[in-house]
Amino acid sequence: MAAKRRWGAAAAAGKKKRGKRELLPELPAALRDAALRGRAGAAWSRGEPLQHEAVAVEPAPFRHGVIPGFLASPGFAESLRDELLGLSFQGRRNDLLSLRQSQELAGRPEPHVAALRHVLCEEFRAWLSAVTQIELEPTIDISCAKYEYTDVLLCHDDELEGRRVAFILYLVPPWEKSDGGTLDLYSTDEHSQPQQIVKSLVPSWNTLVFFEVSPVSFHQVSEVLAEGKCRLSLSGWFHGPPTVRPTHQGDTALPCSPHIPHDHEILYEWINLVYLDMDSQAQIQEEFEERSEILLKNFLKKEKYQLLCEALESKDIEWSSRGPANKRLYEAAAEESLPELLKQFLQLLRSEALFLLLSNFTGLKLHFLAPSDEDEGAGEGRAADTAGQSSPKPEEETKQQAESSSHQPAHPDHIPAAQGSDTHNDQSGLPLFPSPGPGTPLCAGELRRWAHGHYTLVHDTQATEFALDLLFFCGCEDWDPEYGGFTSYIAKGEDEELLTVNPEDNCLALVYRDKETLKFVKYINHRSSARLGKQPHRTGFWDFSFVYYE
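Structural notes on the packing of aromatic side chains
- For the coordinates displayed, the defined rule picks out 22 aromatic pairs.
- Judged by centre distance (6.1 Å) and plane angle (55°), the rings of Phe124 and Phe238 are tilted. One end of the pair, Phe124, is in helix α4 (residues 111-132); the other, Phe238, is in strand β13 (residues 231-239), with 114 residues separating them in the sequence. Across the pair, exposure class does not vary: Phe124 and Phe238 are buried alike.
- Arranged with centres 4.7 Å apart and planes meeting at 75°, the rings of Phe345 and Phe544 form a pair that is edge-to-face. With Phe345 in helix α8 (residues 340-350) and Phe544 in strand β25 (residues 541-549), this residue pair connects regions lying 199 residues apart in the sequence.
- Residue class for Phe544 comes out buried when judged on its relative accessible area of 0%.

Shown next as structure tokens:
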């Protein structure tokens, strides 16, 4: 019995010693080999590939490296994973990403986290500096992220002052490319803009990926498609001396044009007559002036809307992908390829008659006949000869047809104000009446097709002084906001949504914004594939997206 006790005590002591050793993570012995480090550094500097079982270095599409088995002790890696899963994670949702993220781990006391941070900042930083020839600072940014079903991080370059080398350590279960969650690397054009994905790295247990942050280091984490799997990773940046960054080429805007001549007959041909009634227009304008946004349901005549949807299914329409991926990804129609009915609808959206009708809906100066803010009786007698001669409709029907988008899911009752605007704002935070500017009212727009994987991102070139956004939706039956595809408005520099416009059949959304208000279309995720059971011939929806300027 005594011998057994002594053996048990020795075994317990051995376990304790092994536990202590596991708190001192070791890097693979090969990384301490001076010859291999020299080969990796030479390949990195010359832009040549290096393949070794301990480390791979690749120059394209931008310089990056892969280190399998980064933590030499399997026990340490498993304990680190368990420790990370015990952290508190916060859900993050915006135009760029959908994931759960921990707080910054720089000062966390958890033993395995602290030990890993130490080896990254000391031994690995020295190795990385030798390979990249960048004098890296002894501190890092580091956090943990969990990507689960439909989570994604869209195309970006990681550029921020001082960031020089990015790293990701994967602590994932067995993972296949079909599970999604790959690290996708983009090629770039002569203007340093992302073109297409040319390489995808599948997450692998205890593998570290690093790459140089540069004007061309565009990458994304593709959407996680596996239900029930968690893509757990530690990621961050090493900092170093700042480098000169070239100016990215400006975004190509859609061409603007003034209205085209069309009298009021085009309105009666297309638009639900309730919206051509003067009393209805006054009621709509009153609500719009209060909230700076409105959703007009059943906007087109039913028979016209059905014909429009049928025309959108035409196989003769030429669709092209609109990018670059760090700003947007969707399909736009070539107008010359459109069936005649769609061309006629675009003429309606650009017509003089619609400019005036929008003036009547919003109180904005989109036509010379529209009264300005200074005119007396601004809400009375609006261009009766152009848009107000239809038979009066009961007030109850008008209210059913014209509903604020604030009644749609995900739109708060009281929207916080956007900061920094020099115009008068109401509670919505969107400007009501700007100072009238010189020039002719203009519009710009396109027909867009949306499906799984499409999105737009917020970027500074979206900013404009004042604009009226118009969205008209088609083919949205059974569309769930969980799929994405909704348009969100945010205050510049903030993530919190001011309002959300969800796709809805035969609905016209109008939103007024200023230079402090930006917008994006949320990434359409894999959940949208569930819609195929209800609409087997349709994978997405369409919208006509226009912007009008006073």
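Regarding the confidence of the model for the protein
- Residues of the protein with pLDDT of at least 70 account for 81%, and the chain-wide mean is 86.
- Low confidence marks residues 1-21, where pLDDT is under 50. Its contacts with residues over four positions away, or in another chain, come to zero contacts.
- Note on residues 404-437: pLDDT is under 50 here. Beyond four places in sequence and across chains, it has 94 contacts.

So, empty space enclosed by the protein
- Summed over all chains, the structure comprises two cavities of 30 Å³ or more.
- By volume, the second largest cavity is sized at about 50 Å³.
- Residue lining of the second largest cavity: Leu80, Leu84, Leu105, Val113, Leu116, Arg117, Ile142 and Leu234, and that is the complete set.
- Looking at the lining of the second largest cavity, the elements with two or more residues in it are α3 (74-85) and α4.
- With three residues, the single largest contributor to the lining of the second largest cavity is α4.

Re the side chain of Asn272
- Inspection of the secondary structure assignment puts Asn272 in the loop between α5 (265-270) and α6 (278-291).
- The buried category is assigned to Asn272, whose relative accessible area is 16%.
- A polar contact of 2.9 Å, which involves the side chain of Asn272, links it to the backbone oxygen of Asn298.

Cut-offs and rules
Residues numbered from 1 in each chain as written. Predicted model: local features only at pLDDT ≥ 70, side-chain atom pairs only at ≥ 80, totals over all residues. Heavy atoms only, no water. Phe/Tyr/Trp six-rings, centres within 6.5 Å; stacked < 30°, edge-to-face > 60°. Helix = DSSP H or I, 4+ residues; strand = E, 2+ residues; numbered from the N terminus. Buried < 20%, exposed > 50% of the residue type's maximum accessible area, 1.4 Å probe, protein only. pLDDT = per-residue confidence, 0-100. Contact = heavy atoms within 4.5 Å. 1 Å grid on protein atoms, 1.4 Å probe; cavity = no way out; pocket = protein on both sides within 12 Å on 5 of 7 lines; lining within 4 Å. Points joined across faces, edges and corners; volume = space filled by probe spheres on them. Polar contact = N/O pair within 3.5 Å; in protein donor to acceptor, adjacent residues only side chain to side chain.

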